[in-house]
Amino acid sequence: MPSSSASTTDAATKPAAGSGGVQSLERAFDLLERMADAGGEVGLSELSASSGLPLPTIHRLMRTLVACGYVRQQANRRYALGPRLIRLGESASRLLGTWARPYLARLVEETGETANMALLDGDEIVYVAQVPSKHSMRMFTEVGRRVLPHSTGVGKALLAHTPAEEVRALLARTGMPAATEKTITTPDEFLAALEHVRVAGYAVDDNEQEIGVRCLAVSVPGAPTPAAISISGPAGRVTEAATDKIVPVLQEVARDLATALTNTSAPS
């Protein structure tokens, strides 16, 4: 019948219901990511320039995000990430640590040393998971602890591929206080250390955070958020000879963890 034919044609050419909503959702998340990349506070014109979206579209999306509490408008008319994101971030961080634990346990089993996972949160390193060594003498870092990146192996691993000017800006904001006599305390020396990380494929904290402790770290390649894993132990055990055996294990576990974190399936 003609009416049935017309209906079939309309159904075939009409966009699926809700497709505009999906696009808006994708754009909203993209704007939140861009705000985070910009330090958490931006103006509409900056978002328009970086995203390529027209100002009216951005304004509409930001109004919705503000109403939901995920963005707040400042007195200077700029927009900042909102407090409701804190709860989401904390929950996601706990889950990330839970997902990582089997991989950290594997590191402990194969290297004998304490294994950690850390993220770059703003200008600081935050430890989100740990599995302790079975040795009586072992390293312990409290989950949730925050440290500055310049004195840690995970900090070097996370910043190794960050542009030099961004690294210098971060160091200017945080300062480079010496935790020990071996801590790197100048930007040029730290940038040289990052170059070594890029060449070698792993980072070292050699008594820089705590005397007598040596750490080896690698980034988790392609992780949804910048992450690194490490092992730490007494310098007498984590020697240069041990490093040659431990680093390949670290790199393999990091690749496997990255695969697990990025292997998401859409609900059916």
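Everything that follows concerns the structure shown earlier in this document.
Note that the structure is a prediction, hence the values are computed from the model and not measured. (Residues numbered from 1 in each chain as written. Predicted model: local features only at pLDDT ≥ 70, side-chain atom pairs only at ≥ 80, totals over all residues. Heavy atoms only, no water.)

**Student:** When you look at the pairing of strand S4 (residues 114-121) in this model, what are you seeing that I'm missing?
**Tutor:** Regular strands place side chains that alternate from one sheet face to the opposite one. Of all eight residues in S4, six are buried; the element is thus mostly enclosed. Relative to strand S9 (residues 227-234), S4 is paired through six bridges, and the arrangement is antiparallel. In the strand pairing of S9, Thr114 is matched with Ser232. With seven bridges connecting them, S4 and strand S5 (residues 124-131) associate as antiparallel partners. Considered in S5, the bridge of Ala115 is made with Val131. As consecutive antiparallel partners, S4 and S5 are separated by two residues, and within that stretch Gly122 has a phi angle of approximately 65°, a positive value. (Buried < 20%, exposed > 50% of the residue type's maximum accessible area, 1.4 Å probe, protein only. Helix = DSSP H or I, 4+ residues; strand = E, 2+ residues; numbered from the N terminus. Pairing = 2+ DSSP bridges.)

**Student:** Please explain the nonpolar core as it appears in this structure.
**Tutor:** Of all hydrophobic cores here, the largest spans 32 residues; its most connected members are Leu104, Leu107, Met117, Leu216, Ile229 and Leu250. Mapped onto this core, the elements with two or more residues apiece are helix H5 (84-111), S4, S5, strand S8 (213-219), S9 and helix H9 (240-262). Considering every element that reaches this core, the biggest residue donor is H9, with 10 residues. Discounting residues that sit within four places of it in the chain, Leu216 has contacts with Tyr202, Ala203, Val204, Ile229, Ser230, Ile231, Val238, Thr243, Ile246, Val247 and Leu250. Formed by 14 residues, the second largest nonpolar core is a distinct cluster that contains Ala28, Leu44, Leu47 and Ile58. (Core = buried A, V, L, I, M, F, W, Y, C linked by side-chain atoms within 4.5 Å. Contact = heavy atoms within 4.5 Å.)

**Student:** Can you walk me through the environment of Met117 in this structure?
**Tutor:** Along the polypeptide, Met117 turns up in strand S4. Given the relative accessible area of 0%, Met117 is considered buried. With 17 residues separating them in the primary sequence, Met117 and Ala100 have C-alpha atoms 7.5 Å apart. Met117 has contacts with Leu96, Ala100, Leu104, Val126, Tyr127, Val128, Ala129, Ala227, Ala228, Ile229, Leu257 and Leu261, leaving out every residue within four places of it along the chain.

**Student:** For this particular structure, what's the right way to read the pattern of salt bridges?
**Tutor:** Opposite charge on two side chains lets them pair, provided their charged atoms get close. Tallied over the full model, the rule gives 17 salt bridges. Of the charged contacts in the structure, one is a salt bridge between Asp123 and Arg173, with a shortest N-O distance of 2.7 Å. Taken together, the residues Asp123 in the loop between S4 and S5 and Arg173 in helix H7 (residues 164-174) connect sequence positions 50 residues apart. Where Asp206 meets Lys182, a salt bridge forms, and the shortest distance between an N and an O atom there is 3.7 Å. With Asp206 in strand S7 (residues 203-206) and Lys182 in the loop between H7 and helix H8 (187-200), this residue pair connects regions lying 24 residues apart in the sequence. Take Asp206: its relative accessible area is 24%, and that puts it in the partly exposed class. (Salt bridge = Lys/Arg side-chain N within 4 Å of Asp/Glu carboxyl O.)

**Student:** Can you walk me through the sheet that holds S8 in this structure?
**Tutor:** For sheets, the rule is that strands pair by backbone hydrogen bonds, running either parallel or antiparallel. Across the sheet, which stays open at both edges, the six strands sit in the order S6-S5-S4-S9-S8-S7 with antiparallel pairing between neighbours. Every interior strand has two partners, whereas the edge strands, strand S6 (146-147) and S7, have only one. Relative to S8, S7 is paired through four bridges, and the arrangement is antiparallel. When the bridges of S8 are listed, Ala203 appears paired with Ala217. Packed on one face of the sheet, H9 meets S4, S8 and S9 and runs near 40° to S8. (Axes fitted to C-alpha atoms, helices over the stretch in contact; angles between N-to-C directions.)

**Student:** Before we go on, may I ask you to explain the sheet that holds strand S3 (residues 79-81) in this structure?
**Tutor:** Taken in spatial order, the three strands line up as S1-S3-S2 in an open sheet, and their pairing is antiparallel. The sheet terminates laterally at strand S1 (41-42) and strand S2 (71-73), the two strands that pair on one side only. In this sheet, S3 lies alongside S1 in antiparallel orientation, the contact comprising two bridges. Residue Val42 lies in a different strand from S3, and its bridge partner there is Tyr79. The strands touched by helix H4 (residues 55-68) are S2 and S3; relative to S2, the strand with the most contacts, the crossing angle is about 105°.

**Student:** Sorry if this is basic, but what is going on with H8 here?
**Tutor:** Because an α-helix completes one turn every 3.6 residues, residues spaced three or four positions apart along the sequence face the same direction. Relative to the 20 Å expected for 14 residues at 1.5 Å per residue, H8 spans 20 Å between its end C-alpha atoms, a close match to the ideal helical length. Buried within H8 we find Phe190, Leu191, Ala193, Leu194 and Val197. Considered in projection along H8, the buried side chains sweep an arc of 155° and stay on one side of the axis. Away from its buried face, by an angle of more than 90 degrees, H8 presents the exposed residues Asp188 and Val199. (Expected span 1.5 Å × (residues − 1). Arc of directions from axis to C-beta.)

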